Amino acid sequence: ASATVPPGEVLFIVHLTDGSGAYVQVQAPSFDVRFPHETAWYVRKTLTKRWRTLENRIKSQTEENESDFEQEKSLGAAKLPRAKEEGAVVKDEKSEETTKTPSVRKSFSLSLHGSSSKRSKKKRATHDDEKELDAATGAEAPIFVTQHAFVCRLRKRGSHLYDRQQTQNWYRAVLRKFADVQAYPRHDAPEKDLSNVKAFVMNRFMNVRESLRAGENDHPAGLFKGHVSVTQLDEAAAKTAKEGYTKGGVPKPSLPMDNLWISTTVHVDVYVLTLRGITPHRRHTGNLKLRPRIELDGVWQAENIDEVAVPEGKSDANFYWHGFFNTTMPGAAELVIGIYDQDENNVQMLGSSSMDLEDRWLTLTQRQFQQSAMKEYLEQAGAPPTTLILDRPKDKLEGKIWRDPFKPKVEELAKATDEIEMGDVSIVPQTPPQPPLPIETRNLLFRDATTDLETTVGVLRYCIEMTPLAAMPAPKYSLGIPEEAFTITVTIWRVSNISVFRDAGQRNDVAVLGRLLVHDSQNQETHFDRATDTHSWAHKEASFNYTWSFQVKAPVRACMLALKLVDKDTYTSDDLIYAPVLVPLDHMFHLAYKNKKMKRKPLGVNKEVIIFDEWPADLADDSKIPESSQICPLFMCCAHCCRCVMYYLCCLLTCGISARCFKRRRGPAARPSPSFLNIGIEITPQEGGTMPAECEQFQEPAGRIGWQTGLKNPILLMVSACGRRNMMLCCNLCCVLLVIAMIVLAGLCIIYIANVKSIFE
């Protein structure tokens with residue numbers, strides 16, 4: 001709708017027939033995402049995922065773990081360490097699906113036939129629909145969609161204050177329904193176009209505007225406003241007026257109503273939003289501390305007490321401040337929005353933007369009067385043209401059953417043939433309410449007191465709403481979303497199925513590095529770095545049992561966790577084992593924030609399996625050859641020679657038919673064998689107390705190998721230190737040497753026996 005209707009325009013109005021009789025306006029939303037604090041959209045629901053699917057999955061995991069623990073406790077089984085509770089991960093190469101193998105505790109509990117049937121039945125009844133949605137992704141199999149149903153549901157995050165048109169010419173935006181104003185020639189310079197359109201509009205009811213000057217220097221002392229109208233009279237009317245004037249009478253004056261001069265007390269709301277492209281005057285150096293101030297005819301009205309810091313080298317400031325005051329219209333005219341800089345010594349003005357508030361009020365009044373008398377506007381905007389009767393359907397909807405939309409039965413009241421029954425709704429002709437006043441983009445000007453020259457120091461965005469005091473209360477808008485402090489806890493359990501090795505001997509000194517990237521509502525980017533300890537001499541698996549804690553304030557525009565598996569080196573830089581993986585946390589974070597606002601329970605721990613299946617960028621192609629295609633270096637030359645001899649011999653005997661049987665050696669693989677990282681993510685609100693440690697190992701990890709392992713299992717220490725491939729090479733070499741030694745001994749024995757035999761002969 002926003003492609004054809006400006007933001008803020010009323011699309012339709014919903015009349016509630018629940019007894020309240022209220023009218024709800026549905027306005028065209030704004031899709032301008034340049035300012036994330038004002039407008040942000042997120043996916044609320046799709047055909048495969050609901051909003052609380054993640055929460056239900058976390059609850060299912062929690063119920064399963066609690067039930068397993070109760071069954072194990074009832075049988076007197078010993079509690080297993082937490083590090084071994086996480087099941088291993090198996091990758092099916094054909095189906096490309098990742099599943100968890102049952103852990104020791106889960107296998108033990110499933111052996112009790114019938115004891116967990118009630119829990120499993122309840123779980124299936126609660127979450128079967130979500131499993132069906134997870135099975136259909138839309139990529140491999142089509143997804144059923146009901147006709148006229150929503151495919152994706154989006155929800156806007158932010159205030160309705162920003163659902164309005166943005167403009168550089170206030171008069172063109174406000175009077176966009178008038179063809180003569182829109183047809184007025186446009187000027188390339190925005191400020192010049194604004195003054196031209198303003199003069200064209202104001203000439204209808206205020207064509208006199210002169211400055212009052214005083215003193216030798218003609219210093220402006222005020223502004224004189226008025227309206228001069230000339231009416232042509234016929235001879236009879238002119239003679240009557242002349243005779244009346246001769247007898248001491250005066251011509252009939254025009255009423256103040258004719259020129260919109262109606263004294264009204266007005267409530268003014270000023271919303272100062274952003275300042276972009278700050279180029280301060282030479283007197284403003286270093287970091288800036290800015291705050292807006294509102295003045296009306298030189299009298300202070302409101303000022304922001306909070307300062308917005310702008311570091312040196314930055315040129316943007318976000319205020320999102322609301323100031324208000326009451327005044328009488330027509331009356332005080334010049335409204336000035338000034339931006340002031342608080343330095344070490346005093347307060348200096350960075351720049352200001354001014355407008356005539358009285359002219360704008362009179363323009364809005366003239367628009368209201370003119371639209372009320374325009375037949376074309378009433379026919380085009382008014383709905384319906386005559387009073388209608390809506391016949392409400394008599395069928396009751398039972399449950400959540402989808403019903404195809406149908407056209408309701410509507411007929412004119414004057415032509416109605418059926419009797420009006422209870423529940424029928426009458427729709428009378430009405431004109432839509434006026435759209436909200438636009439968001440303006442104006443230059444912030446600095447006037448030099450010495451030279452009296454104006455220079456542009458930035459671009460200011462603001463919005464002004466004017467409401468008659470008799471029509472209060474004025475619409476209230478929230479400029480932002482209240483912030484809540486949260487703690488993100490990430491538990492690093494273990495890494496399995498490592499297939500990429502950066503050290504000699506097929507081993508790695510594995511460590512997990514993490515960086516939490518956060519884009520807040522002000523579009524400021526921050527990051528937090530965390531790391532685990534090092535699992536030395538790791539082959540296929542590495543365990544850590546580490547927790548990371550991050551302190552973040554919601555809401556956020558984006559939140560993601562970047563994870564890397566690295567091989568730690570003592571004297572050189574760390575090597576990537578796999579390409580980094582990004583884990584999005586936006587949905588879970590937003591869900592935790594909504595639960596906090598709705599006073600619901602926290603989500604709990606979300607257990608995830610992160611898959612690493614991409615080669616690192618700095619890995620050579622020779623290292624990307626699959627292990628199954630690699631040949632032991634000791635037999636590399638022999639294998640090549642035997643392969644060449646066999647190839648040419650078979651081709652010669654079969655006339656080349658057997659060439660297809662000799663497969664070429666495989667080159668670098670497109671993807672490595674995937675590795676799986678088991679983690680747990682929990683997002684909880686901060687409620688005072690002590691802050692958790694940023695990095696902490698809560699339990700001694702299992703499977704670590706050190707020098708003390710040599711006392712218990714020296715063979716394991718030797719294999720881990722030398723590497724499995726090197727140990728295989730050593731074993732093969734020993735076997736080859738043993739065979740050679742046996743052949744030599746056999747030859748010596750044969751020679752010895754032959755010599756002995758020759759002696760006896």
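These numbers were taken from a predicted model, which means no experiment stands behind them.

J.: What's the story with a nonpolar patch on the surface in this structure? I'm lost.
T.: Taken together, the side chains of Leu733, Leu737, Ile740, Val744, Leu745, Leu748 and Ile751 define a hydrophobic patch exposed on the protein surface, amounting to about 650 Å² of accessible area. Using a relative accessible area of 46% as the deciding quantity, one classes valine 744 as partly exposed.

J.: Can you help me understand the confidence of the model for the protein in this one?
T.: Regions with low pLDDT carry predicted coordinates that are not meant to be interpreted in detail. The pLDDT averaged across the protein works out to 78; a share of 76% of its residues lies at or above 70. The low-confidence segment residues 77-133 (pLDDT under 50) makes 84 contacts with residues lying over four places distant or belonging to another chain.

J.: Is there a simple way to explain the pattern of salt bridges in this structure?
T.: Working definition: two side chains of opposite charge can pair if their charged atoms are close together. The full count for this structure, using the stated rule, is 31 salt bridges. For arginine 176, the salt bridge goes to glutamate 9, with nearest N and O atoms at 2.8 Å. Of this pair, arginine 176 sits in the loop between helix H4 (170-174) and helix H5 (179-182) while glutamate 9 sits in the segment before strand S1 (10-15), placing them 167 residues apart in sequence. A salt bridge links glutamate 541 to arginine 494; the shortest N-O distance between them is 3.2 Å. Of this pair, glutamate 541 sits in the loop between strand S25 (535-538) and strand S26 (542-554) while arginine 494 sits in strand S22 (residues 484-496); the two residues are 47 residues apart in sequence, bridging distant segments of the chain. According to the relative accessible area criterion, glutamate 541 is partly exposed, its value standing at 45%. Residue class for arginine 494 comes out buried when judged on its relative accessible area of 13%.

J.: Sorry if this is basic, but what is going on with the environment of valine 5 here?
T.: Position of valine 5 relative to the elements: it lies in the segment before S1. With residues up to four places along the chain from it excluded, the contact list for valine 5 reads Leu11 and Ala28.

J.: Would you explain the sheet that holds strand S18 (residues 409-412) in this entry?
T.: The strands making up a sheet are joined through hydrogen bonds of the backbone, oriented either antiparallel or parallel. Pairing within the open sheet is antiparallel, and its three strands lie in the order S18-S17-S19. For this open sheet the edge positions go to S18 and strand S19 (425-427), each flanked by a neighbour on one side alone. Ignoring strand direction, the axes of neighbouring strands in this sheet form an average angle of 25 degrees. As paired elements, strand S17 (residues 388-391) and S18 share four bridges and run antiparallel to each other. When the sheet's bridge partners are listed, leucine 390 is paired in S18 with valine 410.

J.: How should I be thinking about helix H8 (residues 357-373) in this particular structure?
T.: Each full turn of the α-helix corresponds to 3.6 residues, which orients residues three or four apart in the same direction. Taking 1.5 Å of rise per residue, the 17 residues of H8 would be expected to cover 24 Å, and the 25 Å separating its terminal C-alpha atoms lies within 8% of that figure. Summarising burial for H8: 12 of the 17 residues are buried, a large majority. Among the residues of H8, Leu357, Glu358, Asp359, Arg360, Trp361, Leu362, Thr363, Leu364, Thr365, Gln366, Arg367 and Gln371 are the ones counted as buried. Capping of H8 at its N-terminal end is provided by aspartate 356; its side-chain oxygen lies 3.1 Å from the backbone amide nitrogen of glutamate 358.

J.: Could you clarify how one ought to interpret unusual backbone geometry in this entry?
T.: Where the residue is not glycine, phi is negative for most of them; where a peptide bond is considered, it is trans in most cases. Residue proline 330 is bonded to the preceding methionine 329 through a cis peptide linkage, with omega at -10 degrees. Tracing the sequence through the fold places proline 330 in the loop between strand S14 (316-329) and strand S15 (334-342). With an omega dihedral of 5 degrees, the bond running from alanine 554 to proline 555 counts as a cis peptide bond. Inspection of the secondary structure assignment puts proline 555 in the loop between S26 and strand S27 (556-567). Despite not being glycine, lysine 599 has its phi angle at roughly 60 degrees, a positive value. Structurally, lysine 599 can be placed in the loop between helix H10 (586-597) and strand S30 (605-612).

J.: I keep staring at the environment of leucine 619 and nothing clicks. Help me out?
T.: Here leucine 619 shows up in the loop between S30 and helix H11 (636-654). Assessed through its relative accessible area of 9%, leucine 619 is described here as buried. The sequence separation of leucine 619 and aspartate 575 amounts to 44 residues, and the corresponding C-alpha distance is 9.0 Å. Each residue touching leucine 619, except ones within four places of it in the same chain, is listed here: Val500, Arg502 and Lys624.

J.: Could you clarify how one ought to interpret the nonpolar core in this entry?
T.: The nonpolar side chains of a soluble globular protein tend to be buried, and buried together. One finds Ile488, Ile492, Val512, Leu516, Leu563, Phe589 and Leu677 to be the most contacted residues of the largest nonpolar core, which totals 49 residues. For this core, the element with the most residues is S26, which contributes seven residues. Beyond its immediate sequence surroundings of up to four residues, leucine 563 is in contact with Val512, Leu513, Gly514, Trp548, Pro580, Val581, Val583, Ile610, Phe612, Leu677 and Ile679. The next biggest cluster of nonpolar side chains, apart from the first, holds 43 residues, and it includes Val266, Trp321, Leu357 and Leu364.

J.: Could you clarify how one ought to interpret the environment of arginine 209 in this entry?
T.: When you line up the elements, arginine 209 lands in strand S8 (residues 208-214). Sequence separation between arginine 209 and histidine 227 is 18 residues, and the spatial gap between their C-alpha atoms is 8.6 Å. Leaving out residues up to four positions away in the same chain, arginine 209 has contacts with Lys198, Met202, Leu223, Phe224, Lys225, Asp356 and Asp359. Only 2.8 Å separates the side chain of arginine 209 from the side chain of aspartate 359, close enough to count as a polar contact.

J.: I'm lost on the sheet that holds strand S32 (residues 695-697) in this one. Help?
T.: An order of S30-S31-S22-S26-S32 is seen for the five strands of this open sheet, with the pairing classed as antiparallel. This sheet does not close on itself; its edge strands, each paired only once, are S30 and S32. Between one strand axis and the next, the sheet turns by 25 degrees as a mean value, whatever way the strands run. Bridge analysis of S22 against strand S31 (residues 675-685) gives 10 bridges, and the strand direction is antiparallel. Paired with isoleucine 488 across the two strands is isoleucine 683, which belongs to S31. The sheet contacts of H10 involve S22, S26, S30 and S31, and relative to S22 the element is tilted by about 140 degrees.

J.: Would you take a moment to explain the side chain of aspartate 269 for this structure?
T.: On the secondary structure map, aspartate 269 appears in strand S10 (residues 264-276). Of the side chains with opposite charge, arginine 164 comes closest to the buried, unpaired aspartate 269, at an N-O distance of 9.3 Å. Aside from chain neighbours lying at most four places away, what touches aspartate 269 is His322, Gly323, Phe324, Cys463, Ile464, Glu465 and Ala474.

J.: What exactly am I supposed to notice about the packing of aromatic side chains here?
T.: Between two aromatic rings, the relevant description is the distance of the centres plus the angle of the planes. Following the criterion strictly, the structure yields 10 aromatic pairs and no others. Here the aromatic rings of tryptophan 170 and tyrosine 171 are separated by 5.0 Å at their centres, their planes lie at 85 degrees, and the arrangement is edge-to-face. Lying over the aromatic face of tyrosine 340, arginine 293 brings its terminal NZ or CZ to 3.9 Å of the ring centre. Lying across the ring of phenylalanine 35, arginine 461 places its NZ or CZ 3.8 Å from the centre.

Basis of the calculations
Residues numbered from 1 in each chain as written. Predicted model: local features only at pLDDT ≥ 70, side-chain atom pairs only at ≥ 80, totals over all residues. Heavy atoms only, no water. Patch = residues over 30% accessible without salt bridge, like charges linked within 9 Å, V, L, I, M, F, W, Y side chains within 5 Å. Areas by Shrake-Rupley, 256 points an atom, 1.4 Å probe, with all protein chains shown as cover. Salt bridge = Lys/Arg side-chain N within 4 Å of Asp/Glu carboxyl O. Buried < 20%, exposed > 50% of the residue type's maximum accessible area, 1.4 Å probe, protein only. pLDDT = per-residue confidence, 0-100. Contact = heavy atoms within 4.5 Å. Helix = DSSP H or I, 4+ residues; strand = E, 2+ residues; numbered from the N terminus. Pairing = 2+ DSSP bridges. Axes fitted to C-alpha atoms, helices over the stretch in contact; angles between N-to-C directions. Expected span 1.5 Å × (residues − 1). Polar contact = N/O pair within 3.5 Å; in protein donor to acceptor, adjacent residues only side chain to side chain. Core = buried A, V, L, I, M, F, W, Y, C linked by side-chain atoms within 4.5 Å. Lys, Arg positive; Asp, Glu negative; His and termini not counted. Phe/Tyr/Trp six-rings, centres within 6.5 Å; stacked < 30°, edge-to-face > 60°. Lys NZ or Arg CZ within 6 Å of the ring centre and 35° of its normal.

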